[in-house]
Structures are given as C-alpha cells and as structure tokens.
Amino acid sequence: MIFTFLGAVSGFLAVALGAFGAHALKARLGEYELGIWHTAVQYHFWHTLALLLVGVLIHSGLQQGVLRAGGWLFLTGTVVFSGSLYALALSGVKALGAVTPLGGVLLLAGWVCLAVAAWQHTNNPL
C-alpha cells in the first residue's frame with residue numbers, strides 16, 4: 001500500500017502546486033517561468049497516476065520486484081524532474097535545468113519497469 005499512499009500524497013501536492021501556480025504565482029512570475037511551472041505540474045500529475053497504478057497492481061497481487069523498482073523510480077523521477085522545474089521557475093537559477101533530464105531518465109526507467117512487469121506477468125506476450 002506504500003505506493004498508493006505515496007500516490008495520494010503526490011496527487012495532493014500536484015493539485016496544491018497547480019493551484020498555487022495558477023493563482024499565487026500568476027502575478028509574480030513571467031510567462032516563461034509560468035510555462036516551466038505548468039510543465040512541472042503536468043509531469044507531476046501524470047506520474048502521480050503512474051505511481052497509483054503501481055500501487056493498484058501490487059495490491060492486486062503483482063508482487064514483482066521490477067514493479068516495486070518502477071514505483072520508486074516514478075517517485076524519485078517526479079521529485080527530481082518536477083522539483084527541479086518548480087525550483088527553476090521560482091528561483092530563476094538556470095543551472096537547476098541541468099538536473100531536470102536526470103529526473104526524466106528516472107521517469108523513463110519507471111515506465112520500462114512497468115512494461116517489464118506487465119510482460120513478465122502475461123501468459124501471451126504480443
């Protein structure tokens with residue numbers, strides 16, 4: 001249930017940060033920074049859903065280690081990818097943008113893990 005819990009927390013934060021950007025930051029940030037914030041929120045939301053999916057699959061009996069690894073990769077990737085973009089939008093420190101691709105690689109690895117878990121579970125691949 002850890003990934004369902006973490007997904008719920010991540011979803012809460014995605015909604016809160018999305019609303020914060022749409023309301024509190026709208027007058028404080030420029031269009032470029034708001035675009036960065038929007039990208040961070042989008043990826044945050046999508047990968048919250050992926051995290052919840054991992055939780056549901058594990059809860060339904062799919063207990064493969066690769067699926068758990070995928071959950072941790074989704075969580076870590078979201079923190080690194082979206083977190084670096086949130087920080088970049090707020091601070092303007094361009095160097096934070098160099099961290100973002102690492103988060104993207106972690107998210108991609110999470111999707112690979114999810115695919116591998118599904119492949120291993122199916123009796124009729126392709």
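A. Structural context of the layout of surface pockets. Its volume calculated, the largest pocket comes out at about 160 Å³. Taken together, the elements giving at least two residues each to the lining of the largest pocket come down to α1 (2-23) and α3 (65-91). A total of six residues in the lining of the largest pocket trace back to one element, the largest contributor, which is α3. Within the lining of the largest pocket, the residues separate by chemical class into seven nonpolar, five polar and no charged.

B. Layout of the nonpolar core. The biggest cluster of nonpolar side chains holds 23 residues, and the ones touching the most others in it are Phe-3, Trp-37, Val-54, Leu-67, Phe-74 and Leu-85. Residue assignment for this core shows that the elements contributing at least two residues are α1, α2 (31-59), α3 and α4 (100-121). Looking at this core, the element that brings in the most residues is α2, giving eight residues. In this structure, Trp-37 is in contact with Leu-17, Phe-20, Gly-21, Leu-25, Tyr-86, Ala-89 and Leu-90, ignoring residues within four places of it in sequence.

Calculation criteria
Residues numbered from 1 in each chain as written. Predicted model: local features only at pLDDT ≥ 70, side-chain atom pairs only at ≥ 80, totals over all residues. Heavy atoms only, no water. 1 Å grid on protein atoms, 1.4 Å probe; cavity = no way out; pocket = protein on both sides within 12 Å on 5 of 7 lines; lining within 4 Å. Points joined across faces, edges and corners; volume = space filled by probe spheres on them. Helix = DSSP H or I, 4+ residues; strand = E, 2+ residues; numbered from the N terminus. Nonpolar A, V, L, I, M, F, W, Y, C, P; charged D, E, K, R; others polar. Core = buried A, V, L, I, M, F, W, Y, C linked by side-chain atoms within 4.5 Å. Buried < 20%, exposed > 50% of the residue type's maximum accessible area, 1.4 Å probe, protein only. Contact = heavy atoms within 4.5 Å.

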